[in-house]
Amino acid sequence: QVQLVESGGGLVQPGGSLRLSCAASGNRLSIAAMGWYRQAPGKQRELAATITRSGITNYADSVKGRFTISRDNAKNTVYLQMNSLKPEDTAVYYCNVQGVKLGVSAFDSWGQGTQVTVSS
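Residues numbered from 1 in each chain as written. Predicted model: local features only at pLDDT ≥ 70, side-chain atom pairs only at ≥ 80, totals over all residues. Heavy atoms only, no water.

Engineer: Provide a residue-level description of the side chain of aspartate 89, including the pertinent values.
Structural biologist: If you trace the backbone, aspartate 89 turns up in the loop between strand E8 (77–82) and strand E9 (91–101). Looking at aspartate 89, the relative accessible area reads 1%, which means it is buried. Look past the residues within four positions of aspartate 89 in its chain and what remains in contact with it is Arg38, Arg66, Phe67, Ser84, Val116 and Val118. (Helix = DSSP H or I, 4+ residues; strand = E, 2+ residues; numbered from the N terminus. Buried < 20%, exposed > 50% of the residue type's maximum accessible area, 1.4 Å probe, protein only. Contact = heavy atoms within 4.5 Å.)

Structure follows, in structure tokens:
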């Protein structure tokens, strides 16, 4: 069982910043890709940003230049620094982690989601 614990969501005014965190725990995890996805009301879940173990990043066009994804491999934790937030960034943000557990079992796990609301 791979557990993901997210934190850092909340209410912020337009132009403000938030930092999301997601920590993965489990037996003998070898984590490959980590990422953040988001789902706005009435819309499908979409990619925000991903990062490989070696640090290669990928961003949705809508967040490029404003969001920064990073990870701490020693802590099995991924972060999403969100700056210059806009009302259209309002969504539930989900952490995704992919890798191998106990050396043999592949996993693809999702966090419980954290609400980000950008409003004045």
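Don't stop here, the text continues.
Engineer: Lay out the sheet that holds strand E3 (residues 18–25) in plain terms, naming residues and giving numbers.
Structural biologist: Read across the open sheet, the 4 strands follow the order E1-E3-E8-E7; overall the sheet is antiparallel. The open sheet terminates on both sides in strands that have one partner only, identified here as strand E1 (3–7) and strand E7 (67–72). With direction set aside, neighbouring strand axes in the sheet form an average angle of 15°. As paired elements, E7 and E8 share 6 bridges and run antiparallel to each other. Bridge pairing in E8 places phenylalanine 67 opposite methionine 82. (Pairing = 2+ DSSP bridges. Axes fitted to C-alpha atoms, helices over the stretch in contact; angles between N-to-C directions.)

Engineer: Provide a residue-level description of the side chain of lysine 101, including the pertinent values.
Structural biologist: By the element assignment, lysine 101 lies in strand E9. Buried charge without a partner: lysine 101 forms no salt bridge, and the closest opposite charge is aspartate 108, 13 Å away. Those residues in contact with lysine 101 that lie beyond four places of it in its chain are Gln1, Val2, Asn27, Arg28, Leu29 and Phe107. (Lys, Arg positive; Asp, Glu negative; His and termini not counted. Salt bridge = Lys/Arg side-chain N within 4 Å of Asp/Glu carboxyl O.)

Engineer: Before we move on, could you go through the pattern of salt bridges and cite the residues and values that matter?
Structural biologist: Opposite charge on two side chains permits them to pair, given that their charged atoms come into close proximity. Counted according to the given criterion, the structure contains 4 salt bridges. With its nearest N and O atoms 2.9 Å apart, the salt bridge here joins arginine 38 to aspartate 89. On the criterion of sequence distance, the pair formed by arginine 38 in strand E4 (residues 29–39) and aspartate 89 in the loop between E8 and E9 is long-range, its members being 51 residues apart. If you follow the salt bridges from partner to partner, you end up with Arg38, Glu46, Arg66 and Asp89 in one network.

Engineer: Please provide a residue-by-residue account of the nonpolar core, values included.
Structural biologist: Formed by 30 residues in total, the largest nonpolar core has its most connected members in Trp36, Ile69, Val78, Leu80, Met82 and Tyr93. Taken together, the elements giving at least two residues each to this core come down to E3, E4, strand E5 (46–51), E7, E8, E9 and strand E11 (114–118). Excluding its chain neighbours within four sequence positions, the residues that come into contact with tyrosine 93 are Glu6, Leu20, Trp36, Tyr37, Arg38, Phe67, Leu80, Met82, Gly113, Thr114 and Val116. (Core = buried A, V, L, I, M, F, W, Y, C linked by side-chain atoms within 4.5 Å.)

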